[in-house]
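The lines below spell out each chain.
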Amino acid sequence: MAINDQDVRLTQPTLKVLRFLLETPREGRSGAEMSKATKVGSGTLYPMLARLEAAGWLSSEWESIDPSEAGRPRRRFYMLSGVGYRAAHTALADLQIGTGELAWTS
Amino acid sequence: MDLLILFSVLVGSAIAGIVGNMIASELYDRAPMLARWIVNRAVRHVPQEHQERYEEEWLSHLDDCEGKISQVFHACGCMRASYRLKNVGSSKQHYVNRSRIKNTLNKHHWNGHLLMNYSFHEASPRLWTAFKSFEFRVRLRFRYADPILRGQAIERWLVFTRFRMNRYWNIKRLFSISIRHATKPTSLQSNP
């Protein structure tokens with residue numbers, strides 16, 4: 001399922017998620033948290049996370065609980081990898097989205 | 001007679017209201033079950049090696065949803081995601097409409113000649129992309145290969161409208177394809 005950087009489409013939802021993950025780069029975030037914070041629906045979020053993970057921008061791990069003891073399924077936590085951290089920084093800096101105006105780098 | 005019709009309409013709408021309310025209430029109560037069922041159906045469309053993972057992940061997300069209606073929305077999203085997950089890592093993510101790009105380039109006098117000049121110079125144009133609503137803008141900068149204008153940098157904006165935002169990143173690929181397929185120039189003097 002590996003894909004290269006060229007296939008990471010930096011859409012507006014992707015940038016929102018990257019920005020959210022950049023807020024706490026060392027902390028894993030679940031899909032529910034990301035969806036709630038960024039208002040990106042599951043239909044867009046999970047394929048995007050899969051693409052970012054396949055491109056090596058994200059890593060993910062299961063929540064460290066025993067589902068049978070907790071009585072609920074485990075969450076999957078996503079966090080930025082080193083490559084993803086740099087790429088997300090570059091992408092957000094280049095596009096400068098969120099200021100209300102387009103800003104072009106020169 | 002009119003009174004009878006009016007009475008019937010009133011009674012009918014009252015009954016319809018009560019029944020509708022009961023059905024809505026019943027559906028609302030069963031929404032979590034319905035959501036769970038949709039998620040389980042969605043998981044079947046995910047590639048087999050990832051089914052177990054997404055089932056657990058989506059069900060945990062379902063538990064984290066606030067409200068029963070949002071659970072159903074999440075479940076419907078999972079169904080959509082399951083179809084899109086099939087394409088992750090495959091070559092189906094091409095949104096190439098080469099003729100459209102070429103037409104736009106020609107309209108701006110960016111003919112194959114100029115593009116090939118870029119290609120001859122083997123200099124990567126600095127390409128910036130961004131989007132605003134459904135408009136897509138691209139700014140390219142590269143140097144003329146024309147003997148007279150040689151070395152002069154040109155910079156142009158190209159605006160593509162009605163591009164879907166989630167396709168904009170593929171513009172790089174579109175340009176590289178357009179450049180690769182541009183006609184070889186017959187004369188270097190015909191630069192715009």
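Residues numbered from 1 in each chain as written. Chains lettered and ligands numbered in written order. Predicted model: local features only at pLDDT ≥ 70, side-chain atom pairs only at ≥ 80, totals over all residues. Heavy atoms only, no water.

> Break down the side chain of Ser-60 of chain B for me, citing the residues and quoting the values.
Inspection of the secondary structure assignment puts Ser-60 of chain B in helix H2 (residues 48-64). By relative accessible area, Ser-60 of chain B is classed as buried at 4%. Side-chain polar atoms of Ser-60 of chain B contact the backbone oxygen of Glu-57 of chain B, separated by 2.8 Å. Excluding residues within four positions of it along the chain, Ser-60 of chain B makes contact with Pro-73, Arg-74 and Arg-75 of chain A. (Helix = DSSP H or I, 4+ residues; strand = E, 2+ residues; numbered from the N terminus. Buried < 20%, exposed > 50% of the residue type's maximum accessible area, 1.4 Å probe, protein only. Polar contact = N/O pair within 3.5 Å; in protein donor to acceptor, adjacent residues only side chain to side chain. Contact = heavy atoms within 4.5 Å.)

> Break down unusual backbone geometry for me, citing the residues and quoting the values.
Within the chain, Lys-39 of chain A stands out as a residue other than glycine whose phi angle is a positive 65°. For Lys-39 of chain A, a relative accessible area of 70% corresponds to the exposed category.

> Which residues make up a nonpolar patch on the surface, and what values go with them?
A contiguous nonpolar surface patch, about 560 Å² in accessible area, is contributed by Phe-7, Val-11, Ile-15, Val-19, Ile-23 and Leu-27 of chain B. Secondary-structure assignment places Ile-23 of chain B in helix H1 (residues 2-43). (Patch = residues over 30% accessible without salt bridge, like charges linked within 9 Å, V, L, I, M, F, W, Y side chains within 5 Å. Areas by Shrake-Rupley, 256 points an atom, 1.4 Å probe, with all protein chains shown as cover. Salt bridge = Lys/Arg side-chain N within 4 Å of Asp/Glu carboxyl O.)

> Which residues make up the pattern of salt bridges, and what values do they have?
Applying the stated criterion across every chain, the model contains 11 salt bridges over all chains. Among the ionic pairs, Lys-36 of chain A bridges to Glu-66 of chain B, the shortest N-O distance being 2.9 Å. One end of the pair, Lys-36 of chain A, is in helix H2 (residues 31-38); the other, Glu-66 of chain B, is in the loop between H2 and helix H3 (68-85), on a second chain. For the pair Lys-36 of chain A and Glu-66 of chain B, a shared accessibility class is recorded, and that class is exposed. Glu-26 of chain B is the partner of Arg-30 of chain B in a salt bridge, and the nearest nitrogen-oxygen pair spans 2.9 Å. Taken together, the residues Arg-30 of chain B and Glu-26 of chain B, both in helix H1 and 4 residues apart, mark about one turn of the helix. On the basis of relative accessible area, Glu-26 of chain B is assigned to the partly exposed category, the value being 41%. Three or more residues are tied together by salt bridges with common partners; here these are Glu-63, Arg-72 and Arg-75 of chain A together with Asp-64 of chain B.

> Tell me about the packing of aromatic side chains, residues and numbers included.
One pass over the structure, following the stated rule, counts 2 aromatic pairs over all chains. Relative to Trp-58 of chain B, the ring of Tyr-46 of chain A has its centre 5.8 Å away and its plane inclined at 70°; by these criteria the two rings are edge-to-face. In this pair, Tyr-46 of chain A sits in helix H3 (residues 42-54) while Trp-58 of chain B sits in helix H2, so the two residues belong to two different chains. Per residue, the accessibility class of Tyr-46 of chain A equals that of Trp-58 of chain B, and both read buried. Taking relative accessible area as the criterion, Trp-58 of chain B reaches 0% and is therefore assigned buried. A cation sits over an aromatic face here: Arg-76 of chain A above Trp-62 of chain A, 4.8 Å from the ring centre. (Phe/Tyr/Trp six-rings, centres within 6.5 Å; stacked < 30°, edge-to-face > 60°. Lys NZ or Arg CZ within 6 Å of the ring centre and 35° of its normal.)

> Please set out empty space enclosed by the protein residue by residue, giving values where relevant.
Tallied over the entire structure, the rule returns 3 cavities of 30 Å³ or more. Its boundaries defined by the atoms lining it, the largest cavity holds a volume of some 40 Å³. Considering the residues around the largest cavity, the lining is formed by Ser-30, Gly-31, Ala-32, Tyr-46, Arg-75 and Arg-76 of chain A together with Glu-57, Ser-60, His-61 and Asp-64 of chain B. The set of elements that each furnish at least two residues to the lining of the largest cavity consists of H2 of chain A together with H2 of chain B. Each residue belonging to the lining of the largest cavity can be placed in one class, and the counts come to 2 nonpolar, 4 polar and 4 charged. (1 Å grid on protein atoms, 1.4 Å probe; cavity = no way out; pocket = protein on both sides within 12 Å on 5 of 7 lines; lining within 4 Å. Points joined across faces, edges and corners; volume = space filled by probe spheres on them. Nonpolar A, V, L, I, M, F, W, Y, C, P; charged D, E, K, R; others polar.)

> Account for the sheet that holds strand E3 (residues 76-80) of chain A, naming residues and giving values.
Residue and element names in this part refer to chain A. Overall, antiparallel pairing links the 3 strands, which are arranged E1-E3-E2 in an open sheet. With one partner strand each, in any of the chains shown, strand E1 (29-30) and strand E2 (58-62) form the two edges of the open sheet. Relative to E3, E2 runs antiparallel, the two sharing 5 bridges. By the bridge assignment, Leu-58 is partnered in E3 with Leu-80. The strands touched by helix H1 (residues 12-23) within the sheet are E1, E2 and E3, with E3 carrying the most contacts at an inclination of about 85°. (Pairing = 2+ DSSP bridges. Axes fitted to C-alpha atoms, helices over the stretch in contact; angles between N-to-C directions.)

> Tell me about the packing of H1 of chain B against H2 of chain B, residues and numbers included.
All names here are of chain B. The N-to-C vectors of H1 and H2 enclose an angle of 160°; their axes lie 9 Å apart at closest approach. Considering the angle they form, H1 stands roughly antiparallel to H2. Judged by the twist between their axes, the crossing of H1 over H2 is right-handed. Contacts between H1 and H2 pair Ala-35, Arg-36, Val-39, Asn-40, Ala-42 and Val-43 from the former with Gln-51, Tyr-54, Glu-55, Trp-58, Leu-59, Leu-62 and Asp-63 from the latter. For the contact of H1 with H2, the per-class residue count stands at 8 nonpolar, 2 polar and 3 charged. (Parallel < 35°, antiparallel > 145°, perpendicular 65-115°, else oblique. Left-handed = near helix turned anticlockwise from the far one by under 90°.)

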